[in-house]
Amino acid sequence: MPSRRVYIPKSSGQGQRPIGIPCFEDRIVEDRLSRILQAIWEPEFRECSYGFRPDRNAHQALVRLEHLITKERTQWVYEADLKNFFGSVSHEHMMRVIEHRIGDSNLLRLLRRFLKAGVIDEGVFHASGQGTPQGNLVSPVLSNIYLHYTLDEWFERRFARQCRGKAFLVRFADDFVACFEFEADARAFERSLKERLQSFGLEIEPTKTALLRFGDLAPILCKRDGLKRPRTFSFLGFTHYLRVWRNGRIVFRRKTEAARMRRKLTEFGRRLKSMRTAGARAMQLFTLRHWQGHLQYFGVRGNSRSVRAYAFHVTHLLFKWLNRRSQRRSFTWKHFDAWLDTWMPPPGTVHRL
């Protein structure tokens, strides 16, 4: 059956992301189908892929990226994101790559039916000529299979072997970073990537794509070129940058992406405002879940300043909306701080990546 389409705000704050909600029976079949596909392709997937895979997560991708930049002579970084990837996947190319490993006609027919089921948007049916709906349980593994042949295999087996220096790839879903030792290899990848993606019906999102000098020599060479400091880049919600200590040592650091932090705080404050009539207990539980989720992801080594800043704003928003439930103030700062200490985990480092 066609999926029901709903829209949620994008994490970038620009536009909305379409989500397809399948019916209950289809959801059961999609779950089993995704397990079958995962079992078949998991041994084939490359080490550079970290998204939507068992026993792999974003923190491992961040550890790998740090290792490549600090230990593998990386001097150039190409950060990229695919434009409307889930809506641009070619059904023809998808079935062709799946048929490399699967010959069962019944399973292939079922996959085609899911791909072409279509969506219902505000009561109107729309046929699916391309793409795979986000929210579909089989879409994550299908996206990994598609990018495995489109990007991962091509990069590691063909392009990287032609490079003059070292070349590595780190990919999480449709967001990836390529690391290079020499500028010529990075420039060649930038040109070749566009041609490679076009042959599979994909294209780069220009606003989220950049080639920049980034490595232990970057601060020195940037000053030679008249730049104050090396550029930063964003990957998996973190801004990655280089810091020069007073003794001249250059270290790799990461912090919470500022734009994402602002959007989360805005949404958090809006949600608390709408919960004023639900009571202080409901606002407390929501704040606790929100803060625990943020701390578990962003509480990594070297990011303590951003985590503390986020905790500061979260507690001030909670204090603000608790005291605006009526004309009578619920808390003073003294009582509020004592109350926070009884239930809110303190900001700190959870993961020493």
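Structure shown above.
Residues numbered from 1 in each chain as written. Predicted model: local features only at pLDDT ≥ 70, side-chain atom pairs only at ≥ 80, totals over all residues. Heavy atoms only, no water.

## Some thoughts on the packing of helix 11 (residues 304-322) against helix 12 (residues 333-340)
Two measures define how a pair of helices packs: the angle their axes make with one another and the distance between the axes.
Alright, step 1. Between helix 11 and helix 12, the least distance of the axes is 12 Å, while the angle of their chain directions is 120°. When the interaxial angle is binned, helix 11 and helix 12 end up oblique. Helix 11 and helix 12 meet at a crossing whose hand is right-handed. Contacts between helix 11 and helix 12 involve T315, H316, L318, F319 and L322 on the former and, on the latter, W333, F336, W339 and L340.
Alright, step 2. Taken together, the residues of the contact of helix 11 with helix 12 sort by class into 7 nonpolar, 2 polar and no charged. (Axes fitted to C-alpha atoms, helices over the stretch in contact; angles between N-to-C directions. Helix = DSSP H or I, 4+ residues; strand = E, 2+ residues; numbered from the N terminus. Parallel < 35°, antiparallel > 145°, perpendicular 65-115°, else oblique. Left-handed = near helix turned anticlockwise from the far one by under 90°. Contact = heavy atoms within 4.5 Å. Nonpolar A, V, L, I, M, F, W, Y, C, P; charged D, E, K, R; others polar.)

## Description of unusual backbone geometry
Alright, step 1. One non-glycine residue, F52, lies in the positive phi region at around 55°.
Alright, step 2. Tracing the sequence through the fold places F52 in the loop between helix 1 (24-41) and helix 2 (58-71).
Alright, step 3. Look at R73: it is not a glycine, yet its phi comes out positive at around 60°.
Alright, step 4. By the secondary structure assignment, R73 is in the loop between helix 2 and strand 3 (76-81).
Alright, step 5. Assessed through its relative accessible area of 48%, R73 is described here as partly exposed. (Buried < 20%, exposed > 50% of the residue type's maximum accessible area, 1.4 Å probe, protein only.)

## Considerations on the sheet that holds strand 5 (residues 124-126)
Alright, step 1. In space, the 4 strands of this open sheet follow the order 2-1-4-5, with mixed pairing throughout. Each edge of the open sheet is held by one strand with a lone partner, namely strand 2 (16-21) and strand 5. In this sheet, adjacent strand axes meet at a mean angle of 40° when their direction is disregarded.
Alright, step 2. Pairing geometry for strand 4 (residues 119-121) and strand 5, over 3 bridges, is antiparallel. (Pairing = 2+ DSSP bridges.)

## Re helix 5 (residues 105-115)
Residues three or four positions apart in an α-helix share a direction because the helix packs 3.6 residues into each turn.
Alright, step 1. Here helix 5 has its buried residues at L107, L108, L111, F114 and L115. Looking down the long axis of helix 5, one finds its buried residues gathered within 120° of arc, a one-sided arrangement. Exposed side chains of helix 5 directed beyond 90 degrees from the buried face belong to S105 and R113.
Alright, step 2. Lining the buried residues of helix 5 we find helix 1, helix 4 (91-98) and helix 6 (139-162).
Alright, step 3. One side-chain oxygen at the N-terminal end of helix 5 lies 2.9 Å from the backbone nitrogen of N106; it belongs to D104. (Arc of directions from axis to C-beta. Polar contact = N/O pair within 3.5 Å; in protein donor to acceptor, adjacent residues only side chain to side chain.)

## Digging into the state of the cysteines
Alright, step 1. Across all of its chains, the model carries 0 disulfides by this definition.
Alright, step 2. Cysteine C48 remains unbridged, with the sulfur of C179 as its closest cysteine sulfur at 11 Å.
Alright, step 3. Taking the relative accessible area as the measure of exposure, C48 reaches 4% and is therefore buried. (Disulfide = S-S within 2.5 Å.)

## Section: the sheet that holds strand 3
Alright, step 1. Across the sheet, which stays open at both edges, the 4 strands sit in the order 6-7-3-8 with antiparallel pairing between neighbours. Only two strands of the sheet have a single partner each, and these edge strands are strand 6 (167-172) and strand 8 (210-213). Averaged over neighbouring strand pairs, the angle between their axes works out to 15° when direction is ignored.
Alright, step 2. Pairing of strand 3 with strand 7 (residues 175-180) involves 6 bridges; the strand directions are antiparallel. Counterpart to D81 in the pairing with strand 7 is D175.
Alright, step 3. Set on the sheet, helix 2 makes contact with strand 6 and strand 7; between it and strand 6 the angle comes to about 165°.

## Brief notes about the nonpolar core
Alright, step 1. Counting residues in each nonpolar core, the largest one holds 48 residues, and the members touching the most others are L37, I98, F155, F180 and F189.
Alright, step 2. Per-element accounting of this core gives the leading share, 11 residues, to helix 6.
Alright, step 3. Other than its neighbours up to four places away in sequence, L37 contacts I102, L111, V138, V141, L142 and I145.
Alright, step 4. Core analysis: the second largest hydrophobic core is formed by 26 residues, A210, F233, L242 and V300 among them. (Core = buried A, V, L, I, M, F, W, Y, C linked by side-chain atoms within 4.5 Å.)

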